[in-house]
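For reference, the chains in residue letters:
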Amino acid sequence: LEAWNKLLQLPQIFEVRNHLEAQRAIRLGKEFKQAYILKGAGDEYKRLDAFKNNNTAFIVPLNFPEVYDLSDPFEATQIALHRLQHWELAPTNPARLAQAGIPFALSIDGLKKPDDFLKKLQQAIQVGLTEEAALKALTHTPASLIGMEQQIGSLEKGKIANFIICSKPISDKDFKVHQNWIKGRLY
């Protein structure tokens, strides 16, 4: 029991498969007086009102649906409307969370190729996510979700120096990473 009680002091992450499971996890957390960090599915935009009023934080994937092949008219009619809607709205999910004031961190989880992360991030920025909100979701918010904001998450004296130096803002498709610093060492 002593070990269990120590674990309860750590941030609790609850993985959900959709916005309905996220709502169930929130109700479960209330029952046990526990605020979970929800590892979402990318469809949180469907119930922002339910998440905004519950002090909920998310880890959001950038694994947006692939473009559907609509070249065959018959096959195009077989795609469900809710799938087409999600294909269109999924890239706006981070922007909608930011606009609603819901804290979130971004994740590469679910991406077929981790190298696509920056491309997906730029796509989210193109459809409304501000650069400031994107950088916050990559730095400050993850640090604060795990209770490490005194050591990481921003560039301040006394904190661990993890940062990159780029040629242009991350929203620019032509940006290049010049330097990558981890724990104060250049890689």
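A brief structural summary.

Each value, and the rule that gives it
- Residues numbered from 1 in each chain as written.
- Predicted model: local features only at pLDDT ≥ 70, side-chain atom pairs only at ≥ 80, totals over all residues.
- Heavy atoms only, no water.
- Helix = DSSP H or I, 4+ residues; strand = E, 2+ residues; numbered from the N terminus.
- Buried < 20%, exposed > 50% of the residue type's maximum accessible area, 1.4 Å probe, protein only.
- Contact = heavy atoms within 4.5 Å.
- Areas by Shrake-Rupley, 256 points an atom, 1.4 Å probe, with all protein chains shown as cover.
- Polar contact = N/O pair within 3.5 Å; in protein donor to acceptor, adjacent residues only side chain to side chain.
- Core = buried A, V, L, I, M, F, W, Y, C linked by side-chain atoms within 4.5 Å.
- Expected span 1.5 Å × (residues − 1).
- Phe/Tyr/Trp six-rings, centres within 6.5 Å; stacked < 30°, edge-to-face > 60°.

**Description of the overall build of the protein**
Looking only at helices and strands, the protein has 9 helices and 7 strands in total. For the protein, the spread of C-alpha atoms along the three principal axes comes to 60 × 50 × 25 Å. Taking all 187 residues of the protein together, the buried fraction comes to 32%. Counted over contacts in the protein with a minimum sequence separation of 6, partners at least 24 positions apart contribute 54%. Accessible area for the protein stands at about 12400 Å²; split by element, carbon and sulfur atoms hold 54% of it.

**Points about the side chain of Lys39**
Examined against the element boundaries, Lys39 turns out to sit in strand S2 (residues 37-39). By relative accessible area, which is 15% here, Lys39 ends up buried.

**Remarks on the environment of Lys159**
Position of Lys159 relative to the elements: it lies in the loop between helix H9 (140-145) and strand S5 (163-166). In this structure, the C-alpha to C-alpha distance between Lys159 and Ala133, residues 26 residues apart in sequence, is 21 Å. Excluding residues within four positions of it along the chain, Lys159 makes contact with Glu149, Gln150, Gln151, Ile152 and Ser154. In terms of polar contacts, Lys159 uses its side chain to reach the side chain of Ser154, at 2.7 Å.

**What to know about the nonpolar core**
Counting 30 residues, the largest nonpolar core has Phe58, Phe104, Leu106, Leu121 and Leu129 as the members making the most contacts within it. Where this core is concerned, the elements lending two or more residues are helix H2 (19-31), helix H3 (48-52), strand S3 (57-61), helix H6 (93-100), strand S4 (104-107), helix H7 (117-126) and helix H8 (131-138). By residue number, the principal contributor to this core is H7, which donates 4 residues. Counting 5 residues, the second-largest nonpolar core is a separate cluster that includes Ala57, Ile59, Ala105 and Leu145.

**Some points on H2**
End to end, H2 covers 19 Å across 13 residues, agreeing with the expected 18 Å (1.5 Å per residue, within 8%). Against strand S1 (13-15), S2, H3 and S3 lie the buried residues of H2. Sitting at the head of H2, Asn18 places a side-chain oxygen 2.9 Å from the backbone nitrogen of Leu20. Two residues or fewer after H2 comes Lys33, characterised by a positive phi angle close to 55 degrees.

**A short note on the packing of aromatic side chains**
Per the stated rule, a full pass over the model turns up 3 aromatic pairs. Aromatic side chains Phe14 and Tyr36 sit 5.1 Å apart centroid to centroid with 55 degrees between the ring planes, which places their arrangement in the tilted category. One end of the pair, Phe14, is in strand S1; the other, Tyr36, is in the loop between H2 and S2, with 22 residues separating them in the sequence. Judged by its relative accessible area of 28%, Phe14 is partly exposed. Look at Tyr36 and you get buried, because its relative accessible area is 18%. With a centroid separation of 5.7 Å and 10 degrees between ring planes, the pair formed by Phe163 and Trp181 is classed as stacked. In this pair, Phe163 is assigned in strand S5 and Trp181 in strand S6 (residues 177-182), connecting sequence segments 18 residues apart. On the basis of relative accessible area, Trp181 is assigned to the partly exposed category, the value being 24%.

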